[in-house]
Amino acid sequence: VPDLHNLGHSTDHIYWRVWITEGKPGTLMPAFAKAGGGPLTDEQIRSLADYLAEHIPSRPTAASAAPSAKLPAVQ
């Protein structure tokens with residue numbers, strides 16, 4: 001089971017919603033959407049994705065983690 005607080009990549013509401021809806025191929029993580037044979041409605045998946053996006057910190061991608069260049073001072 002992965003440590004959700006240390007995934008090593010960025011996450012957002014869409015990431016969590018897809019992961020919950022479709023599961024993770026090649027793992028024990030099943031699809032939880034009713035459409036995929038799971039027990040959760042779209043509203044339940046949306047609610048769970050909202051919770052995860054709010055409570056599990058996202059790791060920035062390498063591009064967004066790079067320090068931004070300082071802009072020259074305006075004179």
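Higher on the page you've got the structure.
Calculation criteria
Residues numbered from 1 in each chain as written. Predicted model: local features only at pLDDT ≥ 70, side-chain atom pairs only at ≥ 80, totals over all residues. Heavy atoms only, no water. Core = buried A, V, L, I, M, F, W, Y, C linked by side-chain atoms within 4.5 Å. Buried < 20%, exposed > 50% of the residue type's maximum accessible area, 1.4 Å probe, protein only. Helix = DSSP H or I, 4+ residues; strand = E, 2+ residues; numbered from the N terminus. Contact = heavy atoms within 4.5 Å. Phe/Tyr/Trp six-rings, centres within 6.5 Å; stacked < 30°, edge-to-face > 60°.

Enquirer: How should I be thinking about the nonpolar core in this particular structure?
Expert: Here is a general trend for soluble globular proteins: nonpolar side chains tend to be buried in one another's company. If you look at the biggest cluster of nonpolar residues, it comprises 9 residues: Trp16, Trp19, Ile20, Ala33, Leu40, Ile45, Ala49, Leu52 and Ile56. Elements with a contribution of two residues or more to this core: α1 (13–22) and α2 (42–55). With near-sequence residues (within four places) excluded, alanine 49 lies in contact with His13, Trp16, Arg17 and Ile20.

Enquirer: In this structure, what is going on with the packing of aromatic side chains? I would like to understand it.
Expert: We describe a pair of aromatic rings using the distance from one ring centre to the other and the angle between the two ring planes. Evaluated as defined, the whole model comprises 3 aromatic pairs. Taking 5.1 Å as the distance between ring centres and 80° as the angle between the ring planes, the aromatic pair formed by tyrosine 15 and tryptophan 16 counts as edge-to-face. The class of tyrosine 15 is partly exposed, set by a relative accessible area of 22%. Accessibility expressed as a relative area gives 0% for tryptophan 16, which makes it buried. Taking 5.4 Å as the distance between ring centres and 65° as the angle between the ring planes, the aromatic pair formed by tryptophan 16 and tryptophan 19 counts as edge-to-face. Here tryptophan 16 pairs with tryptophan 19, and both are found in helix α1, just 3 residues apart, close to one helical turn. A single burial state applies to tryptophan 16 and to tryptophan 19, both of which are buried. Through pairs of rings, three or more aromatic residues link up here, namely Tyr15, Trp16 and Trp19.

Everything listed here is a matter of geometry and, on its own, says nothing about what the molecule does.
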